[in-house]
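Fold and contact review
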Amino acid sequence: MLENHGEIIAAIHALREVRVTWPSKEDGGRLQSRRCAPMDYGLSRVSKTGGDKYHFWDFESDRSNHPLSLRHDQITIVEILDTLFDPAEFMLKPDGTLKWEPAWLVTRVTWGRFN
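Sequence order as written defines the numbering, with residues in each chain counted from 1. Totals for whole chains, interfaces and linings use all residues, but because this is a predicted model, local features are given only for residues with pLDDT of at least 70 and pairs of side-chain atoms are given and counted only at 80 or more. The basis for every side-chain value is the complete set of heavy atoms in the structure, and neither hydrogens nor water enter the calculation.

Here we take up the overall build of the chain. Counting from the N terminus, the helices are DSSP H or I runs at least four residues long and the strands are E runs at least two residues long. A count of helical and extended segments in the chain gives two helices and five strands. In sequence order, the secondary structure elements of the chain are arranged as α-β-β-β-β-β-α. A radius of gyration in this sense is built from C-alpha atoms; the matching globule rule multiplies 2.2 Å by the number of residues raised to 0.38. Scaling as 2.2 N^0.38, a compact globule of 115 residues should have a C-alpha radius of gyration of about 13 Å, and the chain matches this with 14 Å. Projecting the C-alpha coordinates of the chain onto the three principal axes gives extents of approximately 40 × 30 × 30 Å. Across the 115 residues in the chain, those meeting the buried criterion constitute 43%. Here the accessible surface of atoms and residues is derived via Shrake-Rupley with a 1.4 Å probe, and residues count as covered only by protein chains that are part of the display. When the accessible area of the chain is evaluated, it comes to approximately 6700 Å², of which 52% is carbon and sulfur surface. Charged residues are defined narrowly, with Lys and Arg counted positive, Asp and Glu counted negative, and His plus the chain ends left uncounted. Each charge is placed at NZ for Lys, CZ for Arg, CG for Asp and CD for Glu. For the chain, the centre of its 15 positive side-chain charges and the centre of its 17 negative side-chain charges are spaced 6 Å apart. When a residue's accessible area, from a 1.4 Å probe over protein chains only, is under 20% of the maximum for its type it is buried; when over 50% it is exposed; and in between it is partly exposed.

For this analysis, a nonpolar core means a set of buried residues of the types Ala, Val, Leu, Ile, Met, Phe, Trp, Tyr and Cys, connected via side-chain atoms within 4.5 Å. Membership of the largest hydrophobic core comes to 29 residues, with the highest contact counts inside it found for Val20, Phe56, Ile75, Val78, Phe90 and Trp111. Contributions of two or more residues to this core are made by α1 (5–14), β1 (16–23), β2 (31–43), β3 (52–58), β4 (66–70) and α2 (88–91).

Another point: unusual backbone geometry. Even without being a glycine, leucine 15 presents a positive backbone phi close to 60°. When you line up the elements, leucine 15 lands in the loop between α1 and β1.

A word on the side chain of serine 24. Within the secondary structure layout, serine 24 lies in the loop between β1 and β2. Contacts: residue pairs with any heavy atoms within 4.5 Å of one another. Contacts of serine 24, omitting those with residues within four sequence positions, involve Gly29, Arg30 and Gln32.

Strand pairing requires that DSSP identify at least two bridges connecting the strands. In spatial order, the strands read β4-β3-β2-β1-β5; together these five strands make up an open sheet with antiparallel pairing. Lying at the two open borders of the sheet, with one neighbouring strand each, are β4 and β5 (77–84). Each adjacent strand pair in this sheet contributes to an overall mean axis angle of 45°, direction not counted. Relative to β4, β3 runs antiparallel, the two being bridged by five bridges. Paired with phenylalanine 56 across the two strands is leucine 68, which belongs to β4. Relative to the sheet, α1 contacts β1, β2, β3 and β5, its axis offset from that of β2 by approximately 85°. For helices, the axis comes from a line fit to the C-alpha atoms of the stretch in contact; other axes are also lines fit to C-alpha atoms, and the angle between any two N-to-C directions lies between 0 and 180 degrees.

Don't take any of this as a statement about function, it's just geometry.
What follows is the structure, given as C-alpha cells:
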C-alpha cells in the first residue's frame, strides 16, 4: 500500500482527481505523470499477475483514455488534486448507457448511479 493510501481512498469518495507518476515499462522506464480519476483499489479482475492494484481512469493517455491499473510498487507518487471528476465521463457510452456494471471493491455512496 502507498503511504497516502487513505488519502487516495478519500479522493475516490470525494470525486477528486489525482496525478499519478510511475516509470512506464512501455516507454523504457521513463517517468509518466498523468491526471486521473481514482476508481478503485484491490485485486484486478483482468490481471494475470494478481495482487492488489490501484485503478485509475487515465484522462491524458497518448492513445485514448482508458483504465490504468498499477501495483503500489509501480507507483512513484499519487498527488491529490483540487479538481473534481464526474464518473459519467468514463462510465457512460456516448448514447448514455453504462459501459460496464459497477462492481467496485471500495464501497462508495457518493457516485450516484455509478455506486
